[in-house]
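For reference, the chains in residue letters:
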Amino acid sequence: MKKMLTLLLALAMVLSLAACGGDKSGQNAGDSTPAAGDSQNSGTETPDTGTDAPAFTTVEEGKLHMSTNAAFPPYEMTTDDGGFEGIDVEVAQAIAGKLGLELVVDDMGFDAALLAAQNGQSDMVMAGVTVNEERLAVMDFSDSYATGVQVVIVKEGSPIATVDDLANAQMIGCQKATTGYIYCSDDPENGGYGEDHVTAYETGALAVQALVNGQVDAVVIDNEPAKSFVAANEGLKILDTEFAVEDYAIGFAKGNSALLDAVNAAMADLKADGTFQGIVDKYITAE
């Protein structure tokens, strides 16, 4: 009887240990890979970093949704076949690969792209987004990955020869919700020109077209897109003086620190192994 009792106790201990060793994702302990058709907890992913990093949540299981405005060359733009390309797109693709996810690009207006990430409708926003106090109040940001320079586009022969001359412009064109628009539309006592002297356009390309058509006197926009727009429109030039210098970063919903940390780690790896610089060099040639 005592021998039987000992065997029963030993069996109970084995079963108890097996239950304690269960995998958090619902897989049986000891399974190295899920069987075909198995699913993890919905929307929860773990970065493939080789460490026990905390799980992060994405809006769709197995995918990384990036909201953007694909009219901002060379950071994001559309291809002839309806796809997407650019620095941000390829960097996001590389980040997704590091995290074992499939990248999904959600193209929309710039302000909508910011709101999508802010409200958790996308996992992150990459669209040449500048970090400022207003955005920090409603979003979290990754480490900076690029420096953006705001410049001024005018027509050749324009009386606007320096940034200081913008104060004499009747109308300035900017892309809606960008920092260029925020700076220019601010009150004059704060260094802006007032909302009455600024027109917001859905894309930078539309703002530049308004300049070509004589509807605005100047366009304030980031330097790299500015170079593309000037190259495509004869009779335009970029002023030599910079309007502003800013840091670009990836935006996330407030509190999604696990995903933010995973993206920061992936970005650090991409910079360390040269992948990030290789992508930049593909789109921006040395001057």
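Scroll up to find the structure.
Residues numbered from 1 in each chain as written. Predicted model: local features only at pLDDT ≥ 70, side-chain atom pairs only at ≥ 80, totals over all residues. Heavy atoms only, no water.

> Please clarify how the nonpolar core should be interpreted in this entry.
Considering soluble globular proteins, one finds that nonpolar side chains tend to be buried as a cluster. Ranked by internal contacts, the top residues of the largest apolar core, which has 36 residues, are I95, L99 and I250. Looking at this core, the elements with two or more residues in it are β3 (63–68), α2 (87–98), β7 (102–107), α8 (257–272) and α9 (275–283). Setting aside residues up to four positions removed in sequence, I95 forms contacts with L64, I250, V263, A266, M267 and L270. Ranked by size, the runner-up nonpolar core spans 16 residues in total, among them L166, I172, V220 and A244. (Core = buried A, V, L, I, M, F, W, Y, C linked by side-chain atoms within 4.5 Å. Buried < 20%, exposed > 50% of the residue type's maximum accessible area, 1.4 Å probe, protein only. Helix = DSSP H or I, 4+ residues; strand = E, 2+ residues; numbered from the N terminus. Contact = heavy atoms within 4.5 Å.)

> Mind showing me how you'd approach the pattern of salt bridges here?
A side chain of one charge can pair with a side chain of the opposite charge when the charged atoms of the two come close. Within the structure shown, the criterion is met by six salt bridges. Among the ionic pairs, E90 bridges to K282, the shortest N-O distance being 2.7 Å. Of the two residues, E90 is situated in helix α2 and K282 in helix α9; the sequence distance between them amounts to 192 residues. On the accessibility criterion, K282 (55% relative accessible area) is exposed. (Salt bridge = Lys/Arg side-chain N within 4 Å of Asp/Glu carboxyl O.)

> What is the right way to look at a negative patch on the surface in this model?
Together, D187, E189, E195 and D196 make up a negatively charged patch on the protein surface. When you line up the elements, E189 lands in the loop between α5 (179–185) and β12 (198–201). The class of E189 is exposed, set by a relative accessible area of 66%. (Patch = residues over 30% accessible without salt bridge, like charges linked within 9 Å, V, L, I, M, F, W, Y side chains within 5 Å. Areas by Shrake-Rupley, 256 points an atom, 1.4 Å probe, with all protein chains shown as cover. Lys, Arg positive; Asp, Glu negative; His and termini not counted. Charge placed at Lys NZ, Arg CZ, Asp CG, Glu CD.)

> What exactly am I supposed to notice about the packing of aromatic side chains here?
What characterises a pair of aromatic rings is the spacing of the ring centres plus the angle enclosed by the ring planes. This model, assessed by the stated rule, comprises four aromatic pairs. Ring centres 6.3 Å apart and planes at 40° place the aromatic pair Y183 and F243 in the tilted group. One end of the pair, Y183, is in helix α5; the other, F243, is in the loop between β14 (236–238) and β15 (244–248), with 60 residues separating them in the sequence. One aromatic cluster in this structure is built from F72, Y75 and Y248. Stacked on the ring of F276, the Lys or Arg K271 has its end atom at 5.6 Å from the ring centre. (Phe/Tyr/Trp six-rings, centres within 6.5 Å; stacked < 30°, edge-to-face > 60°. Lys NZ or Arg CZ within 6 Å of the ring centre and 35° of its normal.)

> What is the right way to read the state of the cysteines from this model?
Each disulfide is one covalent bond, formed between the sulfur atoms of two cysteines. Throughout the structure, instances matching the rule amount to zero disulfides. C174 takes part in no disulfide bond, and the closest cysteine sulfur, belonging to C184, lies 4.0 Å away. (Disulfide = S-S within 2.5 Å.)

> Sorry if this is basic, but what is going on with the packing of α2 against α9 here?
When two helices pack together, you describe them by how their axes are tilted relative to each other and by the distance separating the axes. Where α2 meets α9, the axes come as close as 9 Å, and the angle between the chain directions of the two elements is 155°. Overall, the two elements α2 and α9 adopt an arrangement that is roughly antiparallel. Once α2 is placed against α9, the crossing between them reads as right-handed. Listed contacts from α9 to I87, E90, V91 and A94 of α2 are T275, F276, I279, V280, K282 and Y283. Counted by class, the contact of α2 with α9 contains seven nonpolar, one polar and two charged residues. (Axes fitted to C-alpha atoms, helices over the stretch in contact; angles between N-to-C directions. Parallel < 35°, antiparallel > 145°, perpendicular 65-115°, else oblique. Left-handed = near helix turned anticlockwise from the far one by under 90°. Nonpolar A, V, L, I, M, F, W, Y, C, P; charged D, E, K, R; others polar.)

> I tried to follow the environment of N256 on my own but got confused; where do I start?
With respect to the secondary-structure elements, N256 resides in the loop between β16 (251–253) and α8. Considered as a pair, N256 and G120 are 136 residues apart in the sequence and their alpha carbons are 9.2 Å apart. The residues contacting N256, other than those within four sequence positions of it, are T57 and D140.

> How do you make sense of the pairing of strand β10 (residues 146–155) when you look at a structure like this?
Looking along a regular strand, one sees the side chains alternate between the two faces of the sheet. In terms of burial, β10 is a largely internal element, eight of the ten residues being buried. Here β10 runs beside β15; their pairing, made up of five bridges, is antiparallel. Counted as the bridge partner of V149 is V245 from β15. For β10 and strand β13 (residues 218–222), the ladder comprises four bridges, and the chain directions are antiparallel. Paired with I153 across the two strands is V219, which belongs to β13. In this structure, β10 lies alongside β14, joined through three bridges in antiparallel fashion. Within the sheet, the bridge partner assigned to V154 lies in β14 and is K237. (Pairing = 2+ DSSP bridges.)

This is a description of form; function is not addressed.
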